[in-house]
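# Secondary and tertiary structure notes
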Amino acid sequence: MHEPHARISAPPATAASLPDDVTPSGACASGALIARNPATGDEIRRVPRPSACDVHAAIARARLASVCLAQAPLSVRARLLRRIADALESNAEPLARRVVAESGKTLAHALEADLAGAIAVLRHTARIGPHALSERQEWSPAGALLGRLHRSESRPLGVVALITPWNYPMGIVVSGLAPALMAGNAVVFKPSELAIDCAYALAEIVADSLRACSLPQDALTLLPGDGAVGEILTDGAIDHCLFTGSAAVGRRVRDKLTARGISTSLELGGSCPLILLENRGGDRQAALQTALSYALFGRLANNGQACGAVKRLYVPRADVPAVLAALETAMRAVRLGPPLDSATHVGPLISDRQRATLHAQIEDARARGARILCGGVIPEGPGWYYPPTLLSDVPPGARVLTEETFGPALPVIAYDDASHAVALANDSPYALTASVFGDPQEAAALARQLTAPLVAINDLALLNYSLPQIPWRGRQDSGWGAGVHGAPILDALSERRYYSRNVTIRWPFLRKPPWHLHRGDCAQDAAFSARVLAFTGGSPFWRWLRPSLARGFFQRRASRQW
Ligand code: NDP
């Protein structure tokens, strides 16, 4: 048996220097971390472990870089993201092979989900960033009538701590990195100790791109290490933390930072349901087969290790035997094997610990009376493999239903009617994705009753992660804050400041201070102000005037004034 993944700690490497086997600075450094291939146990990379003073020094360097990055025009920051995307695109295959070697996922999935997803996020962020973060005039009808012009500008927060898991070592990292850099923040990046080599690969590309755009190298500081390094990082002088990982660690990070008044964005685990409806229209049998093939992909993609994967399958009671028979046949046909073998469907899990957790969850279900129709046995031999496992008759309260399962295990649960399906699907502390298969109208009505914020109809909500235009965010134990992708995360990683300017100060006949304060009668003042606000806010005259004349007049004036 191979030893479990050694802890892979690493130096507080700036993206510029990217030390490989370099000893971190001074006496504070201790030990080394080793990245291993989960399919073979072979060593991939060994890096030194950063110390507390290395972490704090990295944050200090990032703060200096953030000042410079904040002054870089939005167009330059967008160019940086496009350069990173170009580099990822032209090195996609070798990078995907590094992802496969360290994570155990198949090459196809590494290319489609990790690389393609990362490239799409970079390009989309570069496209929307300059507009979303631009300086702009704000419009207030009442303000305009009173001679006030308003303008806003977006400022970066400063230093963003980016803490990521191992399951999508390119895609998830870029989902945080792209908006953070676009908004003008310097990033201190702590990858999972199980994804160190991929972190180095990405940081090298970012370093080259920063150099090409004449931006400071410390705009990205790679700080590989274990949870202890994450703990030190979140104790440091950061301005925001973008965390993706488990609910337990995420909650701890949020509570700690909230107590210090530091904002967080958390993307956490999921126990996502897929509901198959009774009413499937047309050929019910064909619709069932289609839904099950989606369910199977949604469960087994990335070797079952995705936050938004299908983790609970709800089917009408009458369909249970047919569903179990079809899924058992399909799961037994799944090929478990080396991830680089093109015949492989499912590779190994990331670590011995992850496999032990999954197996304990399945044993818990078995002990409570669940039937294991296939899988559920740890195979002999090297690598952290686990076979696709189908469970039925799982009683409520079993760990496979109440906890997140991170591996190829699928419990099938019978329901009686739509409201029963909704109650079962919502009976979870997690709320991330859900998928409903069946008649589109019935599915849409049911989708509205689910607590998950990302719901797909006759599709897998998991696939939304590859669509950077659609914000991705969990609620309850699945997330907190703005989520990732799209404009909301750019807003969360910047601060918009609002400036007002009184232009009447230059007009002689209005050179007095605000006139309504000098009328002597407060009640009359208030009534008059209310009338002005009501008029400017809602009168039909104003509704006609505002778009046509006043707005253009004041905005033209405003751009001359500022
Ligand atoms: P963990 O929560 O164990 O770790 C996530 C990151 O946090 C790692 O870099 C980890 O370092 C670090 N960390 C651990 N302890 C601390 C601490 N005390 N303070 C600060 N940082 C710490 O999650 P996993 O890496 O196991 O990732 C799997 C989880 O991520 C699953 O629950 C999955 O659902 C979730 N996830 C959610 C996504 C979403 O978008 N909602 C997307 C992908 C995954 P280290 O690993 O080195 O110990």
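Below you will find a few notes about this structure. Being a predicted model, the structure only gives us computed values, none of them experimental.

Rules behind the numbers
Residues numbered from 1 in each chain as written. Predicted model: local features only at pLDDT ≥ 70, side-chain atom pairs only at ≥ 80, totals over all residues. Heavy atoms only, no water. Core = buried A, V, L, I, M, F, W, Y, C linked by side-chain atoms within 4.5 Å. Buried < 20%, exposed > 50% of the residue type's maximum accessible area, 1.4 Å probe, protein only. Helix = DSSP H or I, 4+ residues; strand = E, 2+ residues; numbered from the N terminus. Pairing = 2+ DSSP bridges. Axes fitted to C-alpha atoms, helices over the stretch in contact; angles between N-to-C directions. Near = heavy atom within 4 Å. Polar contact = N/O pair within 3.5 Å; in protein donor to acceptor, adjacent residues only side chain to side chain. Areas by Shrake-Rupley, 256 points an atom, 1.4 Å probe, with all protein chains shown as cover. Expected span 1.5 Å × (residues − 1). Contact = heavy atoms within 4.5 Å. Phe/Tyr/Trp six-rings, centres within 6.5 Å; stacked < 30°, edge-to-face > 60°. Parallel < 35°, antiparallel > 145°, perpendicular 65-115°, else oblique. Left-handed = near helix turned anticlockwise from the far one by under 90°. Nonpolar A, V, L, I, M, F, W, Y, C, P; charged D, E, K, R; others polar.

## Focus: the nonpolar core
- In this structure, L88 and L181 are the most contacted members of the largest nonpolar core, which totals 58 residues.
- At 10 residues, helix α7 (residues 196-212) tops the list of elements feeding residues into this core.
- Judged by nonpolar contacts, the second largest core, of 40 residues, contains A113, L300, L313 and L327.

## Some details on the sheet that holds strand β18 (residues 454-457)
- With respect to topology, seven strands assemble into an open sheet ordered β13-β14-β15-β12-β11-β17-β18, the strand pairing being mixed. On the outer flanks of this sheet lie β13 (371-374) and β18, each paired with one strand and no other. Direction aside, neighbouring strands of the sheet carry axes that sit 25° apart on average.
- Pairing analysis gives four bridges linking strand β11 (residues 272-276) to strand β12 (residues 310-316), with the strands arranged parallel. Directly across from P273, in β12, lies its bridge partner R312.

## Focus on the site of the ligand
- Around the ligand, a shell composed of 30 residues is seen, among which E193, E231, S246, L268 and E404 lie nearest.
- Within the backbone of L268, a nitrogen or oxygen atom sits 2.6 Å from a nitrogen atom of the ligand.
- Relative to its unbound accessible area of 900 Å², the ligand is 90% covered by the protein chains.
- Mapped by element, the contributors of at least two residues to the shell around the ligand are α8 (227-235), β9 (240-244) and α9 (247-259).

## Brief notes about the pairing of strand β5 (residues 148-156)
- Strand direction decides the pairing type here: strand β4 (residues 136-138) and β5, joined by three bridges, are antiparallel. From the neighbouring strand, R136 faces β5, where its bridge partner is S152.
- Pairing between β5 and strand β21 (residues 494-502): nine bridges, direction antiparallel. Paired with S152 across the two strands is Y498, which belongs to β21.

## Details of helix α12 (residues 352-367)
- With 16 residues, α12 extends 22 Å between its outermost C-alpha atoms, agreeing within 8% with the 22 Å of an ideal straight helix rising 1.5 Å per residue.
- Buried residues of α12: Q354, R355, L358, H359, Q361, I362, D364 and A365, and no others.
- For α12, the elements touching its buried residues are β13, β14 (389-392), α13 (399-402) and β15 (409-415).

## Focus: the packing of aromatic side chains
- Taken as a whole, this structure holds three aromatic pairs when the rule is applied.
- Ring geometry for W166 against F406: centres 5.6 Å apart, planes inclined by 80°, an arrangement best described as edge-to-face. Taken as a pair, W166 in the loop between β6 (159-163) and α6 (171-182) and F406 in the loop between α13 and β15 lie far apart in primary sequence, 240 residues in all. The pair formed by W166 and F406 is uniform in burial state, with each residue classed as buried.

## Some remarks on the environment of L493
- On the secondary structure map, L493 appears in the loop between α16 (487-492) and β21.
- For L493 and C241, which are 252 residues apart along the polypeptide, the C-alpha to C-alpha distance reads 9.4 Å.
- Once residues within four sequence positions are removed from consideration, L493 is found in contact with P156, L157, V160, P179, A180, A183, N185, H240 and L242.

## Description of the packing of helix α2 (residues 74-90) against helix α4 (residues 107-132)
- Remark: α2 packs on α4, axes separated minimally by 9 Å, with the N-to-C direction vectors making an angle of 165°. Compared by their axis directions, α2 and α4 come out roughly antiparallel. In the crossing of α2 with α4, the sense of the turn from one axis to the other is left-handed. In this structure, α2 uses L74, A78, L81, R82, I84, A85, D86, L88 and E89 to contact α4, whose residues at the interface are L115, A118, I119, L122, R123, T125, A126 and P130.
- Of the residues that constitute the contact of α2 with α4, the class distribution is 12 nonpolar, one polar and four charged.

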